[in-house]
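Residue-level structure breakdown
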Amino acid sequence: MSTDQVPTPHATAEQVEAAWKDPKLANVLYHDWEAGTYDEKWSISYDERCIDYAAGRFRIAAPWDGRPYQHALELGCGTGFFLLNLMQAGVATRGSVTDLSPGMVAAALRNAEHLGLPVDGKVSDAETIAYPDESFDLVVGHAVLHHIPDVEQAFREVLRVLRPGGRFVFAGEPTTIGDRYARTLSQLTWKAATTITKLPPLQGWRRPQAELDESSRAAALESVVDIHTFDPADLEAMATRAGAREVRASTEELTAAMLGWPVRTFEAAVPPGRLGWNWAMFAYHSWQRLSALDAVLGRVVPRRFFYNALITGVKPR
């Protein structure tokens, strides 16, 4: 990572104001702010639970014969959740990470070092990826496409850095319908949690007001950084126009999203560690059971009603 690109973990009011007119600046500020607590906020780990989750998303999106890709890039890496867990699952041997946020690239490289994984990283715009042509066998991303202003240009860049026959897999993208109910449930949960914990018997469940204020200020940028929602068919069309072949979009999480978003929002509203391991296991196993139900519902419910969109395609040989 370039040493002159320093994270900005605490955006000033002036920086936030400027970011309202600049989605890329908003992404840097928002994700630099989240970098230090992102794994905790989203219950991200690098153990069997999240290894299975990442590999499961990969298998839903794309065919995989179990042989590792030699060199994989994660676009919009965040803390490295998707790529690092895929590497541990045997999907890739070597990795590279990019993100607009210097804080996130630094966090991903720290996580990779801790896990003993061979990963390098660069602060880079997804519309102009800072790697040469035909550098990778696989490009992956999780919850990144909806942050990119020009998604079709990003697909062109992905195809440029892929070797012929290489594949891309993106997961965790919000559908248009799914985003409506997920956002509404999150907003209601945040309001309820931060209101109820003002009561004297529940104040031990409340984060310090300064943290809540900073969270609210930075979270206000979500309306800027979350640029897109997707209809699966439109996502397929963008990738195809960019030059990809064998393009296929799939979706998952309907009832699981209706549970997952309130749970994650509640976890973000209370002090770290307050909920404990039993809560984490309850949330995870409940999500698993509802995901199994959603797999059945997927046979009869149109894909656009599910929350998460996944898309894959290959670069022509």
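Higher on the page you've got the structure.
Remember, predicted model here, so these are calculated numbers, not experimental data.

This part is about the pairing of strand β3 (residues 119–123). Alternating residues of β3 divide into V119, G121 and V123, all buried, and D120 and K122, none buried. Pairing analysis gives five bridges linking strand β2 (residues 92–99) to β3, with the strands arranged parallel. By the bridge assignment, V97 is partnered in β3 with G121. With helix α6 (residues 102–115) bridging β2 and its parallel neighbour β3, the resulting β-α-β unit is right-handed.

Applying the stated rule across the entire model yields 14 aromatic pairs. On the numbers, 5.8 Å between centres and 45 degrees between planes, the contact of Y30 with W33 is tilted. Highlighted residues: Y30 and W33, both in helix α2 (residues 23–34), separated by three residues, approximately one helical turn. In this structure Y30 comes out as buried when scored by relative accessible area, which is 4%. Judged by relative accessible area, W33 falls into the buried class, the value being 18%. Within the aromatic cluster, the residues linked to one another by ring pairs are Y53, F81, F82, Y284 and W287. The ring of Y131 carries the charged tip of K122 above its face, separated from the ring centre by 4.3 Å. Of note, R274 hangs over the ring of W205, and the distance from its end group to the ring centre comes to 4.1 Å.

Analysis parameters
Residues numbered from 1 in each chain as written. Predicted model: local features only at pLDDT ≥ 70, side-chain atom pairs only at ≥ 80, totals over all residues. Heavy atoms only, no water. Buried < 20%, exposed > 50% of the residue type's maximum accessible area, 1.4 Å probe, protein only. Helix = DSSP H or I, 4+ residues; strand = E, 2+ residues; numbered from the N terminus. Pairing = 2+ DSSP bridges. Right-handed = clockwise from strand over helix to strand, strands pointing away. Phe/Tyr/Trp six-rings, centres within 6.5 Å; stacked < 30°, edge-to-face > 60°. Lys NZ or Arg CZ within 6 Å of the ring centre and 35° of its normal.

Read these as spatial facts, not as claims about activity.
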